[in-house]
Amino acid sequence: MMVSPDRGLLEEIEIQRNDMVLLASETSLSNHKVIEASKRLDCLLNKYHQLLNR
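Presented here is a report on the structure given in the accompanying data block. A quick note: this is a predicted structure, and the numbers were derived from the prediction, not measured.

**Some words on the pattern of salt bridges**
Working definition: two side chains of opposite charge can pair if their charged atoms are close together. Inspection of the entire model under this criterion finds 2 salt bridges. Ionic pairing is found between Glu14 and Arg17, a salt bridge with its closest N-O pair at 2.7 Å. One end of the pair, Glu14, and the other, Arg17, are both in helix α1 (residues 7-26), 3 residues apart, so they sit about a helical turn from each other. Assessed through its relative accessible area of 35%, Arg17 is described here as partly exposed. Of the charged contacts, one joins Lys39 and Glu36 as a salt bridge, the two residues approaching to 3.6 Å between their closest N and O atoms. Of the two residues, Lys39 and Glu36 are both situated in helix α2 (residues 32-52); the distance of 3 residues between them amounts to about one turn of the helix.

Okay, here's the thing in structure tokens:
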């Protein structure tokens with residue numbers, strides 16, 4: 001049986017993605033703040049995929 005992903009996690013992913021895109025549009029993709037936001041998004045996406053694969 002596959003567990004459905006946590007709704008809060010999906011919302012966190014969307015918020016983090018939007019934050020990263022906004023930061024990138026204001027600076028550059030190589031800006032350290034954008035890279036840190038990308039790392040946070042990666043962690044959230046990894047959690048999401050772990051939930052899907054249970």
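**Re the nonpolar core**
One finds Leu9, Ile13, Met20, Ala24, Val34, Ala37, Leu41, Leu44, Tyr48 and Leu51 forming the largest nonpolar core, which totals 10 residues. At the level of elements, α1 and α2 are the ones that each hand at least two residues to this core. Looking at which element gives the most residues to this core, the answer is α2, with 6 residues. In contact with Val34, other than residues within four places in its own chain, are Met20, Leu23, Ala24, Thr27, Ser28 and Leu29.

Conventions used here
- Residues numbered from 1 in each chain as written.
- Predicted model: local features only at pLDDT ≥ 70, side-chain atom pairs only at ≥ 80, totals over all residues.
- Heavy atoms only, no water.
- Salt bridge = Lys/Arg side-chain N within 4 Å of Asp/Glu carboxyl O.
- Helix = DSSP H or I, 4+ residues; strand = E, 2+ residues; numbered from the N terminus.
- Buried < 20%, exposed > 50% of the residue type's maximum accessible area, 1.4 Å probe, protein only.
- Core = buried A, V, L, I, M, F, W, Y, C linked by side-chain atoms within 4.5 Å.
- Contact = heavy atoms within 4.5 Å.

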